[in-house]
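Residues per chain, in single letters:
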Amino acid sequence: MATPNTPLWEVFIRSRNGLAHKHCGSLHAADATMALQAARDIYTRRGEGLSIWVVPSNAITASDPSEKGMMFEPAESKIYRHPTFYDVPDEVGHM
Amino acid sequence: MATPSIKVSETPLVLYVLRRADDALILGHRLSEWCGHAPALEEDMALANMGLDLLGQARELYTYAAKAEGKGNDEDKFAYLRDVRQYRNLLLMEQPNGDFARTMVRQFFYSAFADRYWRAMMTSSDSTLAAIAAKSEKESAYHLRHSSEWIVRLGDGTEESHRRAQAAIDDLWAFTGEMFAVDDAERDLIDTGVAIDPASLKAQWLKTVAGVVAEATLALPKNDWMQQGGRVGRHSEHLGHLLSELQSLQRTFPGAIW
């Protein structure tokens, strides 16, 4: 159903207060209002959400999969960026 | 059919509740007929969701009607074991789905009424009806929003969608008057505060409907002749076909469960 009249939208749902909106899928709709209603009908039928964002898919700038070496591999060797080299006192609790 | 219909003792309260339950069941069933056939997956889900809202309302209302009647009937018997002439829904509800525009216009006409009706019924002196109203009002408000948005897009869309939406309005308009009618059986319930007078909602309903229709570049018919009969069991030919499908399993295999 990818037609010029019903472009693609990305749907983000926030499940609880204090949490971030998370991407949960996409849908086709004529405009933002209808996209929001479709998102409600498709993605919150089981009480999943308190808030919905819809974003035109073509408004998202994505990284190029063919550049993933350049983009992401340099981080793989920097294990010291994970905070696993510190002794955390018990009193601190969860960090 | 294999299984005989039940008898119903239609006291004013039982009749009143059954009428609203039948409205919800029949319109909900009509919407369920779209399942797997809607113009797009998104709308397939939306129509089914609205149908399930209405089915939920029907179940609560039937259960209450059974309690008010106190004759051993229940929600299933009311739904599956009454014949056409025992059904009390508005004629608007049983009108065939037709095309998508027709389904949406039917939904829009009813939801614009139901939204206000249930909101008003939240003040019913009958606590069960007031509780059902509080739940139904939120559902109806969304149905109104969804159908209104579609009316605007169909009317102000393409030449074809405009033509189809206008044809649906012209065809279904005569079934809207029944929503506001009151008979003697309901008058006492209105006087005692159990029910609200639907006539009091008509001006607001018309304002809502006229506003959306104007935004959609559509027009309401000038003709104000209204068809009635559903509330006393005089139905169009369509309801019999609908019930034969809805009831076929229980009529053939009484009490079947899974």
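The shown structure was predicted, so the numbers you read here are calculated from the model rather than taken from an experiment.

Chemist: For this particular structure, what's the right way to read the overall build of chain B?
Modeler: On a plain count of helices and strands, chain B comes out with 10 helices and zero strands. For 258 residues, the compact-globule estimate of 2.2 N^0.38 gives 18 Å, and chain B sits close to it at 18 Å. Over its C-alpha atoms, taken along the principal directions, chain B stretches across nearly 55 × 40 × 30 Å. The proportion of buried residues among the 258 residues of chain B is 55%. The long-range share in chain B, meaning contacts at least 24 apart out of those at least 6 apart in sequence, stands at 80%. When the accessible surface of chain B is summed, it comes to about 11,400 Å², and 55% of that surface belongs to carbon and sulfur atoms. Here chain B contributes 28 positively and 37 negatively charged side chains, and the mean placements of these two sets differ by 3 Å.

Chemist: Would you explain the interface of chain B and chain A in this entry?
Modeler: Accessible area lost when the parts come together is the quantity often used to give the size of an interface. Residue-level contacts link 13 residues of chain B with 12 residues of chain A. Between chain B and chain A lies a buried interface of about 1,200 Å² when both sides are counted; carbon and sulfur atoms form 55% of it. When the area that chain B buries against chain A is broken down by residue, the three leading residues are Glu42, Tyr142 and Arg153 of chain B, summing to 47%. The tally of links from chain B across to chain A stands at one salt bridge. Residue Arg153 of chain B is joined to Asp31 of chain A by a salt bridge in which the shortest nitrogen-to-oxygen separation is 2.6 Å. For the pair chain B and chain A, the number of links is seven residue pairs in polar contact (both at pLDDT 80 or more). Looking at the side of chain B that touches chain A, the elements with two or more residues in it are helix H2 (41–69) and helix H6 (127–155) of chain B. Sort the elements by how many residues they give to the side of chain B that touches chain A and H6 of chain B lands first, with six residues. In terms of residue class, the side of chain B that touches chain A is made up of seven nonpolar, two polar and four charged.

Chemist: I would appreciate a short explanation of the sheet that holds strand S1 (residues 8–14) of chain A in the present structure.
Modeler: Backbone-to-backbone hydrogen bonds pair the strands of a sheet. The strands run either parallel or antiparallel. Residues and elements named next belong to chain A. Here three strands make up an open sheet; going across it, the order is S2-S1-S3 and the pairing antiparallel. Each edge of the open sheet carries a strand with a single partner, namely strand S2 (22–28) and strand S3 (51–56). In this sheet, neighbouring strand axes are inclined to one another by 30 degrees on average, regardless of whether the strands run parallel or antiparallel. In terms of strand pairing, S1 meets S2 through six bridges, oriented antiparallel. What sits directly across from Phe12, in S2, is His23.

Chemist: Could you clarify how one ought to interpret the packing of H6 of chain B against helix H7 (residues 159–172) of chain B in this entry?
Modeler: Angle between the axes and distance between the axes are the two parameters that describe a pair of packed helices. Residue and element names in this part refer to chain B. Close contact between H6 and H7 brings their axes to 7 Å; oriented N to C, the two are set at 125 degrees. As the angle between them shows, H6 and H7 are arranged oblique. Residues Arg153, Leu154 and Gly155 of H6 pack against Ser161, His162 and Ala165 of H7. Here the contact of H6 with H7 is built from residues that sort into two nonpolar, three polar and one charged.

Procedures and definitions
Every chain's residues receive numbers from 1 upward, in the order its sequence appears when written. A letter from A marks each chain and a number from 1 marks each ligand, given out in the order of writing. Residue-level local features of this predicted model are given only where pLDDT is at least 70; pairs of side-chain atoms are given and counted only at 80 or more, and the full residue set underlies all totals for whole chains, interfaces and linings. The side-chain quantities take in all heavy atoms of the structure and omit both hydrogens and water. Helical segments are the DSSP runs of H or I of at least four residues, strand segments are the runs of E of at least two, and each set is numbered from the N terminus. Atoms counted for the radius of gyration: C-alpha only. Globule rule: 2.2 Å times the number of residues to the power 0.38. Remark: exposure states derive from per-residue accessible area (1.4 Å probe, protein chains only) relative to the maximum for the residue type, with buried under 20%, exposed over 50%, and partly exposed in between. Throughout, a residue-residue contact means that at least one pair of heavy atoms, one from each residue, lies within 4.5 Å. For accessible areas, the Shrake-Rupley method is used with a probe of radius 1.4 Å. Any residue's cover is judged against the shown protein chains and nothing else. Note that His is not counted, nor are the chain ends; the positive residues are Lys and Arg, and the negative ones are Asp and Glu. Charge positions come from single atoms, namely NZ of Lys, CZ of Arg, CG of Asp or CD of Glu. Once two parts are brought into contact, the accessible area they lose, counted with a 1.4 Å probe and summed over both, makes up the buried area. The rule for a salt bridge is simple: a side-chain nitrogen of Lys or Arg has to be within 4 Å of a carboxyl oxygen of Asp or Glu. As used in this structure description, the phrase polar contact means that two N or O atoms lie within 3.5 Å; if the pair is within protein, one of them must be able to donate a hydrogen and the other to accept it, and residues adjacent in sequence are counted only when both atoms belong to side chains. Lys, Arg, Asp and Glu make up the charged group, whereas Ala, Val, Leu, Ile, Met, Phe, Trp, Tyr, Cys and Pro make up the nonpolar group; the residues left over, Gly among them, are polar. Here, any two strands with at least 2 DSSP bridges between them count as paired. To get an axis, a line is fitted to the C-alpha atoms, and for a helix only the part in contact is used. The angle between two axes follows their N-to-C directions and goes from 0 to 180 degrees. Angles are sorted into four bins: roughly parallel if under 35 degrees, roughly antiparallel if over 145, roughly perpendicular if 65 to 115, and oblique for all others.

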